[in-house]
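The primary structure of each chain is shown beneath.
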Amino acid sequence: QVQLVESGGGLVQAGGSLRLSCAASGRTFSSYAMGWFRQAPGKERESVAAISWSGVGKRYEDSVKGRFTISRDNAKNTVYLQMNSLKPDDTAVYYCAADLRKFRVYSGSYYPTKADFGSWGQGTQVTVSS
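If you're wondering where the values come from, they're calculated on a predicted model, not measured in any experiment.

Analysis parameters
All residue numbers refer to position in the chain's written sequence, counted from 1. A pLDDT threshold of at least 70 governs which residues receive local features in this predicted model, and a stricter bar of 80 or more applies before side-chain atom pairs are shown or counted, although totals over entire chains, interfaces and linings include all residues. Hydrogens and water are ignored here; the side-chain numbers use all heavy atoms of the structure. Whether two strands pair comes down to DSSP finding at least two bridges between them. What counts as a helix is a DSSP run of H or I of at least four residues, what counts as a strand is a run of E of at least two, and both are numbered from the N terminus. Axis lines are fitted to C-alpha atoms, over the contacting stretch for helices. Their N-to-C directions set the angle, which ranges from 0 to 180 degrees. Pairs of cysteine sulfur atoms within 2.5 Å are what we label disulfides. Salt bridges are counted wherever a side-chain nitrogen of Lys or Arg sits within 4 Å of a carboxyl oxygen of Asp or Glu. Buried means the residue's accessible area, taken with a 1.4 Å probe over protein chains only, is under 20% of the maximum for its type, while exposed means over 50%, and partly exposed covers the values in between. Here the aromatic set is Phe, Tyr and Trp, taking the six-membered ring for Trp, and pairing holds for ring centres within 6.5 Å; pairs whose planes are under 30 degrees apart are stacked, those over 60 apart are edge-to-face, and all others are tilted.

Caption draft 1: Looking closely at the sheet that holds strand β7 (residues 68–73). In spatial order, the strands read β1-β3-β8-β7; together these four strands make up an open sheet with antiparallel pairing. Of all the strands in the sheet, just β1 (4–7) and β7 have a single pairing partner and so form its edges. Each neighbouring strand pair of the sheet contributes to a mean axis angle of 15 degrees, computed without reference to strand direction. In terms of strand pairing, strand β3 (residues 18–24) meets strand β8 (residues 78–83) through six bridges, oriented antiparallel. Looking at β8, one finds that A23 is bridged to T78.

The following block contains the structure:
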């Protein structure tokens, strides 16, 4: 198991930017694919982005393509989500998650789901005003 702690959320105007960070404990962080999810009130938790253990492979939900960028620094046990051109629809609690299956690769067009991730952070609130 790995412990994940998100930070960087806050209140921002539409069109603004935020950078979320997810700090992970443990000594095997570099072997895990990581993901960002979000959940708005009254809605199901949905995927946002994912990144391979190496940082080479990336996936984005269509609604955030071109606006969000996922990255990681394995030396710092941290994954990031840079969010630009934020919209009110981006308002949600954002969660970081780890796929505990070491060196997992998402091939082709496969987009990882909640079921692929075995460890979750507590979330950080992002609120985008119109």
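The rest of the description comes next.
Caption draft 2: Up close: the state of the cysteines. The tally for this structure, following the rule as stated, stands at one disulfide. Through a disulfide, C22 is tied to C96; the S-S separation comes to 2.1 Å. Judged by the sign of its S-S torsion, about -85 degrees, the bond between C22 and C96 is left-handed. With C22 in strand β3 and C96 in strand β9 (residues 92–99), the pair connects residues that are 74 residues apart, well separated along the chain.

Caption draft 3: Representation of the pattern of salt bridges. One pass over the full model with this rule turns up six salt bridges. D90 is paired through a salt bridge with R38; the nearest N and O atoms lie 2.8 Å apart. Pair noted here: D90 is in the loop between β8 and β9 and R38 is in strand β4 (residues 33–39), with a separation of 52 residues, a long-range link. For the pair D90 and R38, one class covers both residues: buried. The salt bridge involving K65 is made with D62; its shortest N-O contact spans 3.1 Å. Given the relative accessible area of 62%, D62 is considered exposed. Residues joined by salt bridges that share partners form a network here, namely R38, E46, R67 and D90.

Caption draft 4: Broad picture of the packing of aromatic side chains. Tallied over the full model, the rule gives five aromatic pairs. Aromatic side chains F37 and F117 sit 5.3 Å apart centroid to centroid with 80 degrees between the ring planes, which places their arrangement in the edge-to-face category. Taken together, the residues F37 in strand β4 and F117 in the loop between β9 and β10 (119–120) connect sequence positions 80 residues apart. By relative accessible area, which is 1% here, F37 ends up buried. Judged by its relative accessible area of 6%, F117 is buried.

Caption draft 5: Region of interest: unusual backbone geometry. Residues other than glycine seldom take positive phi values, yet S85 does so here, at roughly 50 degrees. Note that S85 resides in the loop between β8 and β9. At F103, a position not held by glycine, the phi torsion is positive, near 60 degrees. Within the secondary structure layout, F103 lies in the loop between β9 and β10.

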